[in-house]
Amino acid sequence: MSALPLPPVAAFRGRGGRAVRSLAEDKLLLASGAVCVAIVALALLGPLLASGSPSRTSILEANLGSSSQHWLGTDALGRDIFTRLLYGARLSLAGPALIIAVSTVLGTGAAITAVWVGGRVERVLNRVLDVLFAFPALLFAILVVAILGTGLVAPVIALSIAYTPYMARVVRSVARRERSLPYIDACQLAGLSSWRICSRHILPNVFGVVRAQASIAFGAALIDLAAISFLGLGVSPPAAEWGLMVANGSTALLNGYPQECLAAGACIVVTVVAFNLLGERLAVRSEGRR
Amino acid sequence: MASAPSHGSRASHRGALAAGRTLARWLVGPLVTVLVASFVISAALALAPGDPVAQLLGPRPTAAQIAVTRHELGLDRSVPVRYWDWLSGAVHGDLGFSIVHRDSVATLIGPRLGTTALLVAYAGVLILVGGVGLGILGGALRRMSPLVAAITGLGIAIPAFVAAQLLVSVFSLRLGWFPATGAGSGLADRLWHLTLPAIALAVAWAAYVAQITRTAIRDEDEREHVETARARGLTAPVVFRRHVLRNAAIPIVTISGLSIAGLIASSVVVESAFGLGGLGTLLVDSVTARDYNVVQAITVALVLVFVVVTTLIDVLHTMLDPRLRRGAERA
Amino acid sequence: MTPAPTPLLELDGLRVDLRVDGALRRVIHDVSLRLGVGEAVGLVGESGSGKSITARTIMRLLPRGAEVAGDVRFGGRSVLELGARDLRRYRATDVAMIYQDPRAHLNPVRTIGDFLLEGPVHAVGASRADATEAAVALLRSVGIPDAPRRLRQYPHQLSGGLLQRVVIAAALLAEPQLILADEPTTALDVTTQEEVMAILDDQRRKRGVAMLFITHDLDLAAAVTDRLAVMYAGTVAEVGPAADLHRTALHPYTAGLLAARPSTTRVERLTTIPGRPVSAFEVGPGCVFASRCAHVEDRCRAERPALRALEDHMVACHRAEELRGALGLPAAAAR
């Protein structure tokens, strides 16, 4: 039987065929990206913008509503909520940023190692990652706090470990697909070192999904870390941090002054939505390009 | 003829082997996970900095007092021995002694277990009804899809402790429909008290489950075999039930199961937010007070529940997907 | 062309636009084709020439947002205007489809029995017992002897060749008048390809079912069909008798295709058609093949030739009469 020489299948349907829209066309990506950048900028520059001190208490000005002097009102100790939110952004975002940085490096490294070495190493690593993946991060963080004591260090260490499998899983699937492509065999035949193939060929190809997953995991880590603070197991009270502010404001909320609680809660929700959306759009882009 | 019996015994041998593998996967594996996890927890807590004896004896105890107390608490023995003692006690229901509450850990946990279990079960039902329901709606009805995506995108970003404050400020303080704190007594009263906590607990997970459900259904709907079913003249409801939903059930079950496991962890936060006297609040108090026997008992118990849940998911998964069944190789 | 007074299937000036990222994109320019009762026609062309879309249009299985002009008539009735209930009946009993990759087209979590029976039971309303009996008999006739056992198995437990036989059995089970076979052997091993093709051909002939056979393999199509329709860039370039197309080809594209087949007897450099195959949405106002044709004139670039009768062929070429006999067919001549 003879057959015509077949060109690549024309893209009349199927996922791969969808054209990747240009950056400017993806309005959701641009909007969520802009919000993320704005949030990070506020966290970095916030203290310059704020007029007062985040820790200046004033019993006479306790639980004030919003006014020109206190945009979002004051908390039970008379501290300006807007100022505390701005200052709190640093602590609230730095923790998750650290967690994601560490878990991204660990997860990517573990996944590429597993896929590259294969065999028993891959099986063992996969088993460990799967067990860790199924274990709730928050519970793990509480346990580590029990051992190392309250503060920011214990939960950050715990969550860095707990988020590693989240990163490793996506990298693993992409790296496995990449590993199976013939050009990798060609690289090996050409005598390139494993290190060089992994770092120069496999790593750039997993970058797209890593970026997307890191953005989504950032939101999740922010929530977990804020929960730890809310429980009183993280940073301790005089410090300004969003999770802590929700906990702090809950008493005032029961007394009819919800402003601190809801403002801090809104900061968390808006940040998480923005980073989730950014991650989702990035994931779509990295899927589409493939 | 002579080959027939040997063939039969080989087949039964293969069957026994498959059964053995299944047993290993669903019984031995999880058991080993629990044992390893409990040992790690026990060892880590034993090696943790800080001395519970100092807490117990107050300021300036004599060396003799310290030695006696350490011996009484078993702190002078090696880590494996202490684990072994704990394990053999735990099997018989003896979970040790709380140095803060000066009571046995089992009596502390007992009454609190009910509250946490009820809360998690309540939230679980909400997730299955609300999350899976919303997801099916968004997956099946194209016009609902963007709305469902928006709702779930927001819901997923609302942490349980923020949802708790919102619910309290609206439904307790403003409308007065539900109590803001407390667990109540009697089943009806407890359910009434647990309604807001259960919703707070369920919001993010339900949104997550709905998101996964919606995409699972949409993905399945685009598959070739669904097109085949349509091409054979089957009605849309039949195609949806027999092919789309049936196949999407596999990821839906997985994520629902994982969400139940995640609920157990998040319940700690919700109990704290609503002042419910459950396992979660006991855990947090014990962590703060360094009451290690309580911490150990609760975390190991949660790991146990958690491993049981994930094993059940695995079993269900195998029931739903014939490709995962052992002994079903190509023939 | 077709002797039957009312053809079984009639495609009349079919034009299809698909929605790609919100914009309409033309995939079929103008396809007209007739199939008589019990007749087999091969629809031949390269990937992207619009063969599969043609088949999907016949089944009304186009993706959401697609726009169709022209008409598809089955037994004189317009398929495009069928109501929901009639469309289901048409799909369930009149036309059956066989796909390229049986593994993707069978639900992996349902048994072979479920797959075979759901057509008759759920779409037609037959009793389960009757349908099972018919299915077992059909499986035997497509060369699957241990049918009762197979009915309880899952798709992943069967080889690709066996699965395609199951799909053929499922198609025949509905007792359709027309089978659309979309590259039914392309995804199979070379050794099973011929077996499966022979079974399909044999069963179809026995039952007098018409077939539209979609393939990129000219020789295979010629072996199992009565007439061939050659498609290029969303249009039908030529329709002619299958038996001697390699001698009588009138369209330069058909001739080029024939010349590009590798010979099984002589080792030589393959003749290729210059340029790359264009997609339907890329072509200009003229002949779709103009950019690659060796015999192109100004008229070819300006005006699209219509499909017209010439001898016992239909051909869409302005210069068909002049070029008759001038389209050298070296590969065919060498056979």
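Residues numbered from 1 in each chain as written. Chains lettered and ligands numbered in written order. Predicted model: local features only at pLDDT ≥ 70, side-chain atom pairs only at ≥ 80, totals over all residues. Heavy atoms only, no water.

Before going further, it helps to spend a moment on helix α9 (residues 224-231) of chain B. Here α9(B) lies mainly inside the structure; six of its eight residues are buried. Restricting attention to buried positions, one finds in α9(B) the residues B:His225, B:Val226, B:Glu227, B:Thr228, B:Ala229 and B:Ala231. Tucked inside the fold, the buried residues of α9(B) contact α8 (187-221) and α10 (236-274) of chain B together with α1 (51-59), α2 (84-94), α3 (102-105) and α4 (112-124) of chain C. Within two residues after α9(B), B:Gly233 carries a phi angle of roughly 85°, on the positive side. (Buried < 20%, exposed > 50% of the residue type's maximum accessible area, 1.4 Å probe, protein only. Helix = DSSP H or I, 4+ residues; strand = E, 2+ residues; numbered from the N terminus. Contact = heavy atoms within 4.5 Å.)

The tally for this structure, following the rule as stated, stands at ten aromatic pairs over all chains. Taking 5.2 Å as the distance between ring centres and 85° as the angle between the ring planes, the aromatic pair formed by C:Tyr232 and C:Phe289 counts as edge-to-face. One end of the pair, C:Tyr232, is in strand β9 (residues 227-232); the other, C:Phe289, is in the loop between α11 (252-259) and α12 (298-302), with 57 residues separating them in the sequence. Exposure class is identical for C:Tyr232 and C:Phe289. Each is buried. Through pairs of rings, three or more aromatic residues link up here, namely B:Phe39, B:Tyr83 and B:Trp86. The residue whose ring lies beneath A:Arg179 is A:Trp116, and the NZ or CZ to ring-centre distance is 4.3 Å. Directly above the aromatic system of C:Phe115 lies the positively charged group of B:Arg232, at a separation of 4.5 Å from the ring centroid. (Phe/Tyr/Trp six-rings, centres within 6.5 Å; stacked < 30°, edge-to-face > 60°. Lys NZ or Arg CZ within 6 Å of the ring centre and 35° of its normal.)

One pass over the structure, following the stated rule, counts 27 salt bridges over all chains. Here C:Arg56 and B:Glu227 are joined by a salt bridge, their closest N and O atoms 3.1 Å apart. Here B:Glu227 lies in helix α9 and C:Arg56 lies in helix α1, a pairing that spans two chains. For the pair formed by C:Arg56 and B:Glu227, the shared burial category is buried. Among the charged side chains, a network of salt bridges with common partners joins C:Glu10, C:Asp12, C:Arg34, C:Asp71 and C:Arg73. (Salt bridge = Lys/Arg side-chain N within 4 Å of Asp/Glu carboxyl O.)

Taking a probe equal in size to a water molecule and rolling it over the atoms shows the remaining empty space. The final tally for this structure, using the stated rule, is five cavities of 30 Å³ or more. Forming the boundary of the largest cavity are 20 residues, of which B:Arg232, C:Ala96, C:Met97, C:Ala170 and C:Ala171 lie nearest the centre. If you list the elements that add at least two residues to the lining of the largest cavity, you get α9 of chain B together with α2, β6 (95-98), α4 and α7 (160-173) of chain C. By residue number, the principal contributor to the lining of the largest cavity is α4(C), which donates five residues. By volume, the second largest cavity is sized at about 90 Å³. (1 Å grid on protein atoms, 1.4 Å probe; cavity = no way out; pocket = protein on both sides within 12 Å on 5 of 7 lines; lining within 4 Å. Points joined across faces, edges and corners; volume = space filled by probe spheres on them.)

Taken by themselves, the reported measurements are silent on function.
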